[in-house]
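The lines below spell out each chain.
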Amino acid sequence: MKQNPAPTSVPTSVPAPVSAPVPVQNADTRLHAPTMSDVARLAGVSSMTVSRVMNGDTNVREQTRLRVDAAIAELNYIPNQAARRLAGLRTIRFGFLYSNPSAGYLSEFLVGLLNQASPNNIQLVVEKCEADEHDVEQAQRLIANGVDGIILPPPLCDSARLIDLIAASGTPAVTVACGQPDPRMGSISIDDFQAAYAMASHLISLGHHRIGFIIGHPNQSASARRLEGFKAAIAEKHADSAPELIAQGMFTYRSGLDAAEALLGLDERPTAIFASNDDMAAGVVAIAHRLGLDVPGDLTVAGFDDTALATTIWPELTTVRQPIADMAEAAVQLLLRQIRAQRNDVPEAPGHTHIEHMLVRRQSDAAPRLRPRSKLLSKVRL
């Protein structure tokens, strides 16, 4: 059976007259001990895949297992259980509030949290809630139960009333992928504008000028920033900016199906569709297959996040790699520093960390297929 090649990473470009590559940090140049994310990066897979290989999951492809084993050997990766004794005199309790429709995103985030929780003697208190419904009540319960800190992923990271409540309580907190970092809290983020700009520019460089775009859920600030980045590239490269090429999504697979049906039902359908996350991009691929369209021969499809889903569908997705597990790990480390500083009566200003993204090309993108002129058009031009 034909094996899919390992993904290749393409540096992103910035929306300015002079382009600059995004720096790549090799695992062997880091000063700290290798982590599960380092192994995943070297092997070209997700952190969840590394965990499955290490746990002996028999559903992992042999080629993937060999790549992961080779990366583990090269990095000499060993889970650092001894580091737990350095975390402090007692267990640290982190509250994790989440409300995200993407299972892939949540899985990657949890891998990052767990990767740091055990060696740092952290107990995670996980609470699911719906934004704008019970988020405040659940945050109040976490605070009343004495958690040492709270981590807020999207979309809760953009809730002003939730942030006000936590800040007023004096509980250290870190937001992940928020729109505008609050100075009272630490934050971890990527540049969603630049990432979307880079992907749209890449599609245009392949020869696509009629590109559909699926917006993410309106309750997440990342949705608006990705749309802005897409529009900036379209305007700068003079591609088709027809309003019907933009469809609303909700970051779910189902919404990707609906948006794809609308875009591919246009009289002049797009030759490429860029979805704001991998779940919706997978929905686009499914509709393309149902309509008998070849991906990428008839339709190029691109996603965002690089969750496990990106490499479990066919063809594997070209996507923007948002290092979700790495961002969760960084959030844990940032929150730990805040808590330790608070305990030592030397409080420090919350830190704000920027994480690099990458454009990852796989099998779902190609130049638009050249089609022969119709017979009618040929006669007109004779």
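Here the structure is shown first, and the text comes after it.
Notes on the structure follow. (Residues numbered from 1 in each chain as written. Predicted model: local features only at pLDDT ≥ 70, side-chain atom pairs only at ≥ 80, totals over all residues. Heavy atoms only, no water.)

1. Considerations on the nonpolar core
Side chains that are nonpolar tend, in soluble globular proteins, to be buried together. Going by this rule: Only buried residues count toward a nonpolar core, which is a set of Ala, Val, Leu, Ile, Met, Phe, Trp, Tyr and Cys residues joined through side-chain atoms within 4.5 Å. The rule is simple: take the accessible area with a 1.4 Å probe, protein chains only, and divide by the maximum for that residue type; under 20% is buried, over 50% is exposed, in between is partly exposed. Only DSSP runs of H or I with at least four residues qualify as helices, and only runs of E with at least two residues qualify as strands; both kinds are numbered from the N terminus onward. Throughout, a contact is declared for two residues whenever any of their heavy atoms are within 4.5 Å.
Of all hydrophobic cores here, the largest spans 48 residues; its most connected members are Phe94, Phe109, Ile151, Val176, Ile188, Leu203 and Phe274. The greatest single-element share of this core, amounting to nine residues, is contributed by helix 11 (residues 324-343). Filtering out sequence-adjacent residues up to four positions away, Phe94 remains in contact with Ile122, Gln123, Leu124, Val125, Gly149, Ile151, Val332, Leu335, Leu336 and Ile339. Counting 24 residues, the second-largest nonpolar core is a separate cluster that includes Ile214, Ala247, Val285 and Leu293.

2. A word on the packing of helix 4 (residues 103-117) against helix 11
Put simply, the rule reads: Orientation is described by lines fitted to C-alpha atoms, with helices fitted over the stretch in contact, and by angles between N-to-C directions that extend from 0 to 180 degrees. We call two directions roughly parallel when the angle between them is under 35 degrees, roughly antiparallel when it is over 145, roughly perpendicular when it lies between 65 and 115, and oblique otherwise. Here a crossing is called left-handed whenever its near helix is offset anticlockwise from the far helix by less than a right angle, and right-handed whenever the offset is clockwise. Only Asp, Glu, Lys and Arg are considered charged in this grouping, and only Ala, Val, Leu, Ile, Met, Phe, Trp, Tyr, Cys and Pro are considered nonpolar; every other residue, Gly among them, is considered polar.
In the contact formed by helix 4 and helix 11, the axes pass within 7 Å of each other and the chain directions differ by 40 degrees. What the angle tells us is that helix 4 and helix 11 run oblique. By crossing handedness, the relation of helix 4 to helix 11 is classed as right-handed. Packed against helix 4, whose contacting residues are Tyr105, Glu108, Phe109, Gly112, Leu113, Asn115 and Gln116, the element helix 11 presents Ile324, Ala325, Ala328, Glu329, Val332 and Gln333 at the interface. Residues of the contact of helix 4 with helix 11, tallied by class, amount to seven nonpolar, four polar and two charged.

3. Thoughts on helix 1 (residues 36-43)
For helix 1, the tally of buried residues reaches six of eight residues, placing the bulk of the element in the interior. Considered for burial, the residues of helix 1 that qualify are Met36, Ser37, Asp38, Val39, Ala40 and Ala43. At the exit of helix 1 stands Gly44, carrying a positive phi of roughly 75 degrees.

4. Here's the deal with the packing of aromatic side chains
For clarity, the cut-off: For Phe, Tyr and Trp, rings pair up if their centres lie within 6.5 Å, where Trp contributes its six-membered ring, and each pair is then called stacked (planes under 30 degrees apart), edge-to-face (over 60) or tilted (otherwise).
All told, the structure shown has six aromatic pairs when counted by the stated rule. A ring pair is formed by Phe96 and Tyr98, whose centres lie 5.8 Å apart and whose planes are at 20 degrees; its orientation type is stacked. Residue Phe96 is classed as buried on the basis of its relative accessible area of 1%. On the basis of relative accessibility, which here comes to 17%, the residue Tyr98 falls in the buried class. Ring centres of Phe213 and Phe230 lie 4.5 Å apart, and the angle between their planes is 20 degrees; this geometry places the pair in the stacked category. Highlighted residues: Phe213 in strand 7 (residues 211-215) and Phe230 in helix 8 (residues 221-236), separated in sequence by 17 residues.

5. Focus: the environment of Lys128
Mapping Lys128 onto the fold places it in strand 3 (residues 122-128). The exposed category is assigned to Lys128, whose relative accessible area is 53%. Sequence-distant contacts of Lys128, that is, excluding residues within four places in its chain, are made with Tyr98 and Gln138.

6. What to know about the side chain of Arg210
The test is simple: Two N or O atoms count as a polar contact when they lie within 3.5 Å, although within protein this holds only if one can serve as hydrogen donor and the other as acceptor, and sequence-adjacent residues are included solely when both atoms are side-chain atoms.
Mapping Arg210 onto the fold places it in the loop between helix 7 (192-205) and strand 7. Here Arg210 falls in the buried class, since its relative accessible area comes to 10%. Here the side chain of Arg210 touches Asp240 through a polar contact of 2.8 Å, side chain to side chain. Within polar-contact distance, the side chain of Arg210 engages the backbone oxygen of Glu268 at 2.6 Å. Among all residues touching Arg210, those that are not within four sequence positions of it are Asp240, Ala242, Glu244, Leu245, Leu266, Glu268, Arg269, Pro270, Thr271 and Ala272.

7. Section: the packing of helix 7 against helix 8
Remark: helix 7 packs on helix 8, axes separated minimally by 7 Å, with the N-to-C direction vectors making an angle of 40 degrees. Accordingly, the angle class assigned to the pair helix 7 and helix 8 is oblique. Considering the relative orientation of helix 7 and helix 8, their crossing is right-handed. Residue-level contacts link Asp192, Phe193, Ala196, Tyr197, Ala200, Ser201 and Ile204 of helix 7 to Ala222, Arg225, Arg226, Glu228, Gly229, Phe230, Ala232, Ala233, Ile234 and Glu236 of helix 8. The residue makeup of the contact of helix 7 with helix 8, split by class, is 10 nonpolar, two polar and five charged.

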